[in-house]
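Chain by chain, the residues:
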Amino acid sequence: MIMDTIADFLTRIRNASLAKHRLLEVFYSKIKEEISNVLLNNGYILGYKKVTEKKTIKIALKYYQGKTSVIQKIIRISKPGLRKYCKCKDIPRVLNGLGIAIISTSSGVITDKQARKKGIGGEILCYVY
């Protein structure tokens, strides 16, 4: 039984990108779909598709010229044993704005830039760069 499904999801993405896989298939959950949507909107993946028959999500990973993965690092920040919350003013910048922090807020799962613009804080799920 997996205790932290988000950490497992991020680890699967990290391992698939290091192994240079084009497609990745993970079990479906709403939070994983929302994180995939944020990654797609920010250009870190090519696309994702929800497969209802198998209850999975297929993710197409993105590479520079077919060699280097667009996702250099993907790091879990808030863990089940130690949750990390922040106010709008305290939202961290990842690599001085070159990366993104994915934050779970009352308005859904959004990036750090969107959270600053809306003026809301939340739980910092992960950093991607």
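Residues numbered from 1 in each chain as written. Predicted model: local features only at pLDDT ≥ 70, side-chain atom pairs only at ≥ 80, totals over all residues. Heavy atoms only, no water.

Colleague: Got a sec to walk through the sheet that holds strand β2 (residues 45-51)? Specific residues and values, please.
Modeller: Judged by pairing direction, the sheet is antiparallel, and its three strands sit side by side in the order β1-β3-β2 without closing on themselves. Every interior strand has two partners, whereas the edge strands, β1 (23-27) and β2, have only one. Looking at each pair of strands side by side, their axes are set apart by 20° on average, direction ignored. Where β2 and strand β3 (residues 56-61) come together, six bridges link them in antiparallel fashion. (Pairing = 2+ DSSP bridges. Helix = DSSP H or I, 4+ residues; strand = E, 2+ residues; numbered from the N terminus. Axes fitted to C-alpha atoms, helices over the stretch in contact; angles between N-to-C directions.)

Colleague: With reference to specific residues and values, describe the packing of aromatic side chains.
Modeller: Ring pairs (aromatic) are described by centroid distance and by the angle formed between their planes. Under the defined criterion, the tally for this structure stands at zero aromatic pairs. Looking at K50, its charged tip hangs above the ring of Y28, at a distance of 4.5 Å from the centre. (Phe/Tyr/Trp six-rings, centres within 6.5 Å; stacked < 30°, edge-to-face > 60°. Lys NZ or Arg CZ within 6 Å of the ring centre and 35° of its normal.)

Colleague: Tell me about the side chain of S17, and name the residues and values.
Modeller: Along the chain, the position of S17 falls in helix α1 (residues 5-18). For S17, the side chain forms a polar contact with the main-chain oxygen of R14, separated by 2.9 Å. With residues near it in sequence (within four places) discarded, S17 still touches L61, Y63, S69 and I71. (Polar contact = N/O pair within 3.5 Å; in protein donor to acceptor, adjacent residues only side chain to side chain. Contact = heavy atoms within 4.5 Å.)

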